[in-house]
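# Report on the structure
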Amino acid sequence: MWDNIMEHKTRIEWIDFARGIVMLLVIWGHIDTEYMPFFTWTNAIKLPGFFAISGYFFSVNKDKLSMILKKKVRALIAPYFFLGGISIAVSYLFKMISGETFTVDLILSFALGKEFWFIPCLFVSFLILILLFKIFDGKINHIIAASIIILVIGCVIIRQGTVRIWRWDTALIAQFFVMSGYIYKNIIEPSVIKFVNEGIATLIIAVVYIGLIFISENTKYGFLVDMNLNQYSNIIICLLACMLGILLLFSISKLIFNNKNPFCKSIEFVGKNTLCYFILSFQCMHLTERLVTAFQNKLFLVRNDLLSDIIVFICVCLELAVISVTINRYFPFIIGKRRPAMKSQP
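Predicted model, so just to flag it, every value in this text is computed and none were measured. (Residues numbered from 1 in each chain as written. Predicted model: local features only at pLDDT ≥ 70, side-chain atom pairs only at ≥ 80, totals over all residues. Heavy atoms only, no water.)

### Some points on the overall build of the protein
Put simply, the test is: Secondary structure elements follow DSSP: runs of H or I no shorter than four residues count as helices, runs of E no shorter than two count as strands, and numbering proceeds from the N terminus. Values of the radius of gyration come from C-alpha atoms, whereas the globule rule sets the reference at 2.2 Å times the count of residues to the power 0.38. Residue exposure (1.4 Å probe, protein chains only): buried if accessible area is under 20% of the type maximum, exposed if over 50%, otherwise partly exposed.
Secondary structure summary: the protein contains 13 helices and two strands in total. Computed over its C-alpha atoms, the radius of gyration of the protein comes to 21 Å, within 12% of the 20 Å expected for a compact globule of 346 residues. Seen through its principal axes, the protein has C-alpha atoms that stretch 65 × 60 × 45 Å. Residues classed as buried in the protein amount to 48% of the 346 residues present.

### Some remarks on the nonpolar core
Cut-off, in case you're wondering: Think of a nonpolar core as a cluster: buried Ala, Val, Leu, Ile, Met, Phe, Trp, Tyr and Cys residues, connected wherever their side-chain atoms sit within 4.5 Å. The contact definition used throughout considers only heavy atoms, calling two residues in contact when any of these lie within 4.5 Å.
Of all hydrophobic cores here, the largest spans 106 residues; its most connected members are Ile27, Phe51, Leu83, Phe177 and Phe250. Ranked by the residues each element gives to this core, the list is headed by helix α6 (residues 118-135), at 12 residues. Leave out the neighbours within four places in its chain, and Phe177 touches Pro48, Phe51, Ala52, Met227, Leu239, Cys242, Met243 and Ile246.

### Some words on the side chain of Asn230
When you line up the elements, Asn230 lands in the loop between β1 (225-226) and β2 (231-232). The contacts of Asn230, once residues within four sequence positions are left out, are Ile158, Thr162, Arg167, Asp169 and Thr170.

### Let's talk about the packing of helix α3 (residues 46-56) against helix α10 (residues 235-256)
Cut-off, in case you're wondering: A fitted line through C-alpha atoms serves as each axis, taken over the contacting stretch for helices, and the angle formed by two N-to-C directions is quoted from 0 to 180°. Note: crossing handedness is left-handed where the near helix turns anticlockwise from the far helix by less than a right angle, and right-handed where it turns clockwise. In the scheme used here, Gly and all other residues not listed as nonpolar or charged are polar, with Ala, Val, Leu, Ile, Met, Phe, Trp, Tyr, Cys and Pro taken as nonpolar and Asp, Glu, Lys and Arg as charged.
Where α3 meets α10, the closest approach of the two axes is 9 Å, and the angle between their N-to-C directions is 65°. You can see that α3 and α10 cross each other, and the crossing is right-handed. Every residue of α10 that contacts α3 at Pro48, Gly49, Ala52, Ile53 and Tyr56 is listed here: Cys242, Ile246, Leu249 and Phe250. Tallied by class, the residues present in the contact of α3 with α10 amount to eight nonpolar, one polar and no charged.

### Side note on the confidence of the model for the protein
Threshold: Confidence per residue, as judged by the predictor, is encoded in pLDDT with a range of 0 to 100.
Per-residue confidence for the protein averages 88 on the pLDDT scale, and 92% of its residues sit at or above 70. Overall, residues 1-9 carries pLDDT values under 50, and its contacts beyond four positions in sequence, including any with other chains, amount to 35 contacts.

### Some details on the packing of aromatic side chains
What counts is decided by this rule: Any two rings among Phe, Tyr and Trp, with Trp reduced to its six-membered ring, count as a pair given centres within 6.5 Å; such a pair is stacked if its planes are under 30 degrees apart, edge-to-face if over 60, and tilted if neither. To sit over a ring, a charge needs its Lys NZ or Arg CZ within 6 Å of the ring centre and within 35 degrees of the ring normal.
Summed over the entire model, instances satisfying the criterion amount to 28 aromatic pairs. When the ring of Tyr80 is compared with that of Phe110, the centres are 4.8 Å apart and the planes differ by 25°; the resulting orientation is stacked. Of this pair, Tyr80 sits in helix α4 (residues 65-97) while Phe110 sits in helix α5 (residues 105-111), and the two are 30 residues apart along the sequence. A single burial state applies to Tyr80 and to Phe110, both of which are buried. A centroid spacing of 5.5 Å and a plane angle of 75° characterise the contact between Phe81 and Phe110, whose relative ring orientation is edge-to-face. Here Phe81 is found in helix α4, whereas its partner Phe110 is found in helix α5, with 29 residues between them in sequence. Judged by relative accessible area, Phe81 falls into the partly exposed class, the value being 39%. Three or more aromatic residues joined by ring pairs form one cluster here, namely Phe50, Phe51, Tyr80, Phe81, Phe110, Phe116, Trp117, Phe118, Trp166, Phe278 and Phe282. The ring centre of Phe126 lies 4.1 Å from the NZ or CZ of Lys72, which sits over that ring.

### Let's talk about the side chain of Gln175
Operational definition: Within 3.5 Å is the distance limit for a polar contact, defined as a pair of N or O atoms, with the added protein rule that one can donate a hydrogen and the other accept it, and that residues adjacent in sequence qualify only through two side-chain atoms.
Assignment of secondary structure puts Gln175 in helix α8 (residues 168-191). At a separation of 2.7 Å, a polar atom in the side chain of Gln175 contacts the side chain of Ser147. Setting aside anything within four residues of it in sequence, one finds Gln175 in contact with Ser125, Ile128, Leu129, Ser147, Ile150 and Leu151.

### Description of α4
Heads up, the condition is: What a helix should span is 1.5 Å times the count of its residues minus one.
With 33 residues, α4 extends 46 Å between its outermost C-alpha atoms, agreeing within 8% with the 48 Å of an ideal straight helix rising 1.5 Å per residue. Trailing α4 by a residue or two, Gly99 shows a phi angle of about 80°, which is positive.

### Side note on the environment of Phe116
Relative to the helices and strands, Phe116 is located in the loop between α5 and α6. Separated by 162 residues in sequence, Phe116 and Phe278 place their C-alpha atoms 7.7 Å apart. Residues contacting Phe116, with those up to four places away along its chain left out, are Tyr80, Gly84, Ser87, Ile88, Phe110, Phe278, Ile279 and Phe282.

### Looking at the environment of Phe50
By secondary structure assignment, the location of Phe50 is in helix α3. Between the C-alpha atoms of Phe50 and Glu100, which are 50 residues apart in sequence, the distance is 35 Å.

### A closer look at the pattern of salt bridges
Test applied: Salt bridge, as used here, is a side-chain nitrogen of Lys or Arg placed within 4 Å of a carboxyl oxygen of Asp or Glu.
Inspection of every chain in the model, using the stated rule, returns eight salt bridges. Asp169 is the salt-bridge partner of Arg164, the closest N and O atoms lying 4.0 Å from each other. On the basis of relative accessible area, Arg164 is assigned to the buried category, the value being 17%. With a closest N to O distance of 3.7 Å, Glu268 and Lys272 form a salt bridge. Of this pair, Glu268 and Lys272 both sit in helix α11 (residues 262-272), four residues apart, which is roughly one turn of that helix. Taking relative accessible area as the criterion, Lys272 reaches 32% and is therefore assigned partly exposed. Salt bridges sharing common partners tie together Glu13, Lys265, Glu268 and Lys272.

### Quick look at a nonpolar patch on the surface
Just so we agree on the cut-off: For patches, a residue must show more than 30% relative accessible area and have no salt bridge; joins then use 9 Å for like charges and 5 Å for nonpolar side chains, namely Val, Leu, Ile, Met, Phe, Trp and Tyr. Each accessible area is a Shrake-Rupley result for a 1.4 Å probe, and residues are judged covered by the shown protein chains and nothing else.
On the surface, a cluster of nonpolar side chains totalling about 420 Å² of accessible area is made up of Phe82, Tyr330, Phe331 and Phe333. Within the element layout of this structure, Phe331 appears in the segment after α13 (305-330).

### Some remarks on unusual backbone geometry
Phi at Phe116 takes a positive value of approximately 50°, unusual for a residue other than glycine. With a phi angle near 55°, Asn230 is a residue other than glycine that sits in the positive phi range. In this structure Asn230 comes out as buried when scored by relative accessible area, which is 7%.

Below is the structure:
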């Protein structure tokens, strides 16, 4: 989702836009937890889309394995502990204010990679693919076949219902989504996308995606995709929906992004700072929800759940924008970046 195997000096705007879309969907999903149709129709897009976006930039160059791992640790693991540590500390501060008893459960869960689970899962997914690329020396057909085999193994393991340390079980499935992003960029884009009408292709993908979920919802098991809990109603249908969701996300982002539109640029900004948004959004939501509730109670306002959720959503996004700008300007090392070199004066 963030910096990948190689550091890229130029950014692809529609990719940042796509990243911003799914990040905002994730934040809204954490705020409004009661409207189940939202999860039904977006869960096959959100996290699979994040993994696929990471795969879009995936590449294994001639660097030694130790150098590649060093880059990944700096880009993902260091920010996980820096930002995650701040978030955990704030959580304990809230607990102290509320008079709750101190326990080490949250710290232990954080150390085991269960808090902000996406980042450890992405790291393990990268490790799997890096090893596959090294083992098969970049032979794409062999790598795809091995990735599918690992996906099948993951589908069997998650049926046990246990969430494992550093989410390696979830990563067995997630690595296939990362691989899908790689395939999209290196195979589908150059050989297929340029020959089709993007508008028509997007419409077809959307219709098939909606139809698949609608049909699945009306079956015995319904439709459920929850990568966090490793829960899938029908693993084959869910994986197919996720692949369609990834294509739909990419197609829509390419189709509607306009770098002269302030709204698109705002979403693109979110996409450039998803690491901050993902980890710190929980605490911003917690604090903002308290403030909004207290404000409503003080003014004796009738609580409107949807309106309250929208207010919280807007406030959280603004708070995270300020935090992201501050971190990028003054503390870039927290998110695995280097501070830009100062221009010398003439």
